[in-house]
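Understanding the architecture of this molecule
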Amino acid sequence: MIEKQVTVMNRAGIHARPAALIAQTSNKFSSNISIKMNAGLPSEIEINAKSIMGVITMAAGYKTVLLIIADGADEQQAVDAITTLFENKFEED
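**Let's talk about the side chain of S31**
Relative to the elements of secondary structure, S31 occurs in the loop between α1 (16-26) and β2 (32-37). At 2.5 Å, the side chain of S31 forms a polar contact with the side chain of D74. A distance of 3.1 Å separates a polar side-chain atom of S31 from the backbone nitrogen of E75.

Next comes the structure, spelled out in structure tokens:
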């Protein structure tokens, strides 16, 4: 299992388009992939990264810190691909 912290750096946060990109990218991998918001807090939310509705309902805003968790045969590639989306601000800025 691999965990990696990322920060939402696009000003609009995670709305429909970034959520679709996260879900589409996640579905390319066989690993189980989840995203946690407020990790370790009572308000912690964990969603399936392969579910566009789950990603949208997380409602992660600008500068929200998220934890990507992948477990499976291609976990490192999955985390790297999703991290790249965040680093590139979902090609929005």
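**Concerning the sheet that holds β2**
Reading across the sheet, the four strands line up as β1-β4-β2-β3 and stay open at both edges, with antiparallel pairing between neighbours. Bordering the open sheet on either side are β1 (2-7) and β3 (45-48), each of which pairs with just one other strand. Each strand axis lies, on average, 25° off the axis of its neighbour in the sheet, ignoring direction. Both β2 and β3 contribute to a ladder of four bridges, which runs antiparallel. Across the sheet, S34 pairs through a bridge with N48, a residue of β3. Sheet contacts for helix α3 (residues 75-87): β1, β2 and β4 (65-71); angle to β4, the most-contacted strand, approximately 155°.

Definitions and limits used
Residues numbered from 1 in each chain as written. Predicted model: local features only at pLDDT ≥ 70, side-chain atom pairs only at ≥ 80, totals over all residues. Heavy atoms only, no water. Helix = DSSP H or I, 4+ residues; strand = E, 2+ residues; numbered from the N terminus. Polar contact = N/O pair within 3.5 Å; in protein donor to acceptor, adjacent residues only side chain to side chain. Pairing = 2+ DSSP bridges. Axes fitted to C-alpha atoms, helices over the stretch in contact; angles between N-to-C directions. Contact = heavy atoms within 4.5 Å.

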